[in-house]
Structure formats: structure tokens, C-alpha cells
Amino acid sequence: MDSISTGLMEAFRLILTLDSDLVEIVLLSLQVTVTAVAIASLIGLPLGAWLVVNRFRFRRLTISVLNALMGLPPVVVGLFVYLMLSRSGPFGVLGLLFTPTAMIIAQVIIVMPLIASISHQTIRDLWAEYHDLLISLNASHAQRIKVLLWDGRRALITAVLAGFGRAIGEVGAIMIVGGNIDHATRVLTTSIALETSKGNFAFAMGLGIILITVAIAVNLAIHTISKTERASTW
Amino acid sequence: MVGGTTILPLELSGVIARVRGKQLLGPIDLTIGATGLTVVMGPNGAGKTTLLRVMHGLRRISGGTVNWAVEDGAARRKQAFVFQSPIMMRRRVIDSIAFPLILHGMDRKSAKIRAEDWAIRVGLGHVLQDWAPMISGGEKQKLAVARALISAPEILFLDEPCANLDGRSTREIEAVLKQAEHAGTRIVMATHNLGQARRLASDVIFVHGGKILEITPADRFFNEAKTPQAKAFVQGDIVE
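The structure reproduced in this document is the subject of the present report. It should be emphasised that the depicted structure is a prediction, and the values quoted were computed from it without experimental measurement.

**With respect to the packing of aromatic side chains**
All names here are of chain B. Per the counting criterion, the structure on display carries seven aromatic pairs over all chains. Taking 5.8 Å as the distance between ring centres and 35° as the angle between the ring planes, the aromatic pair formed by Phe 206 and Phe 221 counts as tilted. Placement of Phe 206 in strand S8 (residues 203–208) and of Phe 221 in helix H8 (residues 218–224) is noted, with a sequence separation of 15 residues between them. Each of the two residues, Phe 206 as well as Phe 221, counts as buried. Taken together, Phe 206, Phe 221, Phe 222 and Phe 233 form an aromatic cluster joined through their ring pairs. The ring of Trp 118 has Arg 121 sitting right over it, with the charged end atom 4.0 Å from the ring centre.

**Thoughts on the nonpolar core**
Residues and elements named next belong to chain B. Counting 77 residues, the largest nonpolar core has Leu 12, Leu 51 and Met 55 as the members making the most contacts within it. If near-sequence neighbours (up to four positions away) are discounted, Met 55 is found in contact with Leu 10, Leu 12, Leu 30, Ile 32, Val 66, Trp 68, Gln 79, Phe 157 and Val 188. If you look at the next biggest cluster of nonpolar residues, it comprises 53 residues, including Leu 37, Val 145, Phe 206 and Val 234.

**What to know about empty space enclosed by the protein**
For the structure shown, the criterion picks out two cavities of 30 Å³ or more. Of the pockets and cavities examined, the largest cavity occupies roughly 80 Å³. At the level of secondary structure, the elements contributing two or more residues to the lining of the largest cavity comprise helix H5 (100–136) of chain A together with strand S5 (79–82) and helix H5 (137–149) of chain B. Here the lining of the largest cavity is built from residues that sort into eleven nonpolar, one polar and one charged.

**Observations concerning the layout of surface pockets**
Looking at the largest pocket, its volume works out to about 640 Å³. A:Ile135, B:Gly57, B:Leu58, B:Arg60 and B:Arg76 are, among the 25 residues lining the largest pocket, the residues nearest its centre. Breaking the lining of the largest pocket down by element, the ones donating at least two residues are helix H2 (20–53), H5 and helix H6 (141–151) of chain A together with helix H1 (48–56) and helix H2 (72–77) of chain B. The class makeup of the residues in the lining of the largest pocket is eleven nonpolar, eight polar and six charged. Estimated volume of the second largest pocket: approximately 380 Å³. Around the second largest pocket, the lining is made up of 15 residues, and of these A:Trp150, B:Arg91, B:Phe99, B:Ile102 and B:Arg108 lie nearest the centre. When residues of the lining of the second largest pocket are traced back to their parent elements, those giving at least two are H6 of chain A together with helix H3 (93–103) and helix H4 (108–121) of chain B. Looking at side-chain class alone, the lining of the second largest pocket contains six nonpolar, one polar and eight charged residues.

**Considering the pattern of salt bridges**
This model, assessed by the stated rule, comprises twelve salt bridges over all chains. With a closest N to O distance of 3.1 Å, B:Arg53 and A:Asp132 form a salt bridge. Taken together, the positions of B:Arg53 in helix H1 and A:Asp132 in helix H5 put the pair across two chains. Here B:Arg53 and A:Asp132 have matching classes, each one buried.

Procedures and definitions
- Residues numbered from 1 in each chain as written.
- Chains lettered and ligands numbered in written order.
- Predicted model: local features only at pLDDT ≥ 70, side-chain atom pairs only at ≥ 80, totals over all residues.
- Heavy atoms only, no water.
- Phe/Tyr/Trp six-rings, centres within 6.5 Å; stacked < 30°, edge-to-face > 60°.
- Helix = DSSP H or I, 4+ residues; strand = E, 2+ residues; numbered from the N terminus.
- Buried < 20%, exposed > 50% of the residue type's maximum accessible area, 1.4 Å probe, protein only.
- Lys NZ or Arg CZ within 6 Å of the ring centre and 35° of its normal.
- Core = buried A, V, L, I, M, F, W, Y, C linked by side-chain atoms within 4.5 Å.
- Contact = heavy atoms within 4.5 Å.
- 1 Å grid on protein atoms, 1.4 Å probe; cavity = no way out; pocket = protein on both sides within 12 Å on 5 of 7 lines; lining within 4 Å.
- Points joined across faces, edges and corners; volume = space filled by probe spheres on them.
- Nonpolar A, V, L, I, M, F, W, Y, C, P; charged D, E, K, R; others polar.
- Salt bridge = Lys/Arg side-chain N within 4 Å of Asp/Glu carboxyl O.

Encoded structure:
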């Protein structure tokens, strides 16, 4: 309990003094996570819709694999991306290991199946409603996907926010591919892991409270901007 | 015909529709000509909806042929369908009505101007900016009719468009359908509402047990129905 109360006070102190290291860490956390979630959404949302409107061989298998990938172990993803980007790996020449870009790549791999899978389930329900209308109007497959994504946009925010929640709290993969380098690849989660290992529990708890606050603030901001939970909108 | 080559007549020959081995419809031989308002009648479960969906191409057939005067893609673009439970898009009323035009390439501004005109014609001028899923049942069905007619289809299929509507809403929708028919739209409508059929039909297709028992001009159907099932139906008896 002492660590929690001290942690709370530490969190307030860090926020009130606008600690420069903290600001840097928070901004890098947001930069990596928001970029990864944006890229994962650009891939995952259309993929989820595409899987709904298309019938093809191995479709069920594809959906099952996608659902299974939601539980992809981040450490394994980190190891895979590390091997791909290390000097002896196929993409070693790009020199991306231990950079924020490597962290973004790892997070995209972790988050994309989650966004695609949730959006697939959301859009499947909307497709059941719209199916006859869109077929009757002779909409092409591309038009069907576009309409479903647009009309389901408010429900799809849940998929994006789930991806954001997973990415902002992720530590295993980005620790491996980012290296937790001070002023370069250190983010909130890797800082918490480091401070905990050093025995600085109050500081780690302070960072943890800030991490949770950032996650809630982003969720609130997106809900406010997208006008969800209002009776007069859909 | 509404511009360009006509897609009619529609010819069904030996059409059969099955679901998991169970035959729902057929064999059906039927020709839908270029003019008129055809009402498809019959008791619940007779196959009215299946017949309409087969004609429109929404249901795959298990046997026989469905032929338009032009190739299927061109024919589909000149058809519209109004469903018994109107499908409400998660959009505002004006955007929902404009949707078919925008889908087929018209710019938003022009599409919305036409949508507003259609909304006023069907009596939805007061709810233009409302969310479509939030309007009343009668208004939803009017929206569905306006959305179907806005692209000037050559043929319009309606599946019990006035089921569950009050008298006033029914009258308003019937007036719109009559206007569309006078403007040259071929209408094929399923209903088991005898009064509505008497008011609108130029000819009647009576369906029972998945088969067409009668295809006849409306006057003759209501006064001299041939089959016992049709006679009982016209007299308001229970037809099983």
C-alpha cells in the first residue's frame, strides 16, 4: 500500500513539474502506439470487412487463424522481428533494429490481427442487415466494403481502441526490438519494467498511473470526437 | 421503359428453388411484360417472397432459367426491390435516399438535390436530417420506396410493402406506386391484402404451395377465380 500511495504522489509530482524525461517518454509512447495502431487499422479494418463479403476456399480457416493470432505472444513477435531486422537477418541492411520504427513494426504485427478480428465480427452483423440491399443495388465488392466500413465506423472504434489498449500496454516485443535505450527507444512500459527491476517501485508505480491516465484520456478523446454514446447518432 | 434499351420482358422457364433439398418454389413458367402492376397473392408461406427474390436475382435457382431481354448485369441496374422489413442504413434520411445514386457514380450534391425532391414526394420532407433507423415504421417504408424509385428503375419489386402499416401510410405509399406506374415503371408486388390488390392490380399471380395456380387479369381473378384455393382466398376463407 505504501508503494501505491507513494506512487500516486510521484505521479502527481512528475505531471505537475512536467518532468522533461517523462514528457519525452510519454510522447514517444504515443508516437509509437498511435502510428502502429493507425497502420494496423489501415490493414485490419478493410481485411475484416473483406473477409465478411467474400466467399473463398479456406475462408473459415483464415478467420480461425486470424482469431488465434489475437493471442499472439508479444515476446515471440519481438524475437521474430529481431531476427528479421538483425544484421544477419533479411532486413538487417535497413538498420532499423533498436529504433522506434522497429517497435512500430512489432506492434503492428501484434495489433493488426486483433483489429481485423474484432472488425470482422462487428461488420458481420452489419452485413447481415445490409446484405440484401447491397446485392439488390448491384454494389461491387469494393463498394460493399466501403459502405460497411463507413456505416459501421462508430462500432469499429471499439476495434481500434482495443488495438490501442493492447499496443500502449505492450512491453515484451518492444523491449526486444527497441532495446529500451534512454532518449531513443524508452517508452512508458519499458521504463516501468526497468524501474521495477531497479527496485524503484514508487517511481514505477507513478509511471504506471500515468500510463493508465494516458490510455483513458485517449479513449475519452476518441469517444468525444466520434460522438458515440449519443442518442441521436448511430 | 425508363431510358435506353428495355430489360423486359422477363421470362421464367421451369424455375425451381430448393433449400437443403426442400422445394420451395416451382416449377414456374412466367412472363412479366412491359406494362402494368402485377400483384402476387397467396397465403403465408405460399412462395410469394421466394418468387420475387428469384425474379430479382436475390435467390439462386436450383433449376430452370430466368431471362431478361438484356444481359443480367444491365438488367440488374434497372431493377429495384423494396423489402418487407425495410433495411435502414445507419445514415440520415436524405443520405439513405441518395445512396443508390451516389453508389452508381452521381456526385453527392446532385444526388442530395434529387433525394430531397423524392423525400418531399413521399412525405418525408419533415425528417430529412433525422437518422433513418430512428424514424417511424411507416416513414421507413416510405424511405425504402423513395430509395428504390430514385434511380428510375424499369421494374420495381415490392414484398408486402404495407404490411404492419396503418391506413394513412398505406394510402400514401399506394399513391406513390400509382404515380410510378403512370410514369412507366413496371411494378410487381407481393401482398396478401385483398383490398390493396383490388385497388392497385392490373393482373394477379396467385401462388400456393410454391406453384402458380393462376395468372389472370385482376378483374377476372376477383370475380371468376378458377381454382378452389384462389376462390377461397378471394372470399376471405382460410387457405392452407
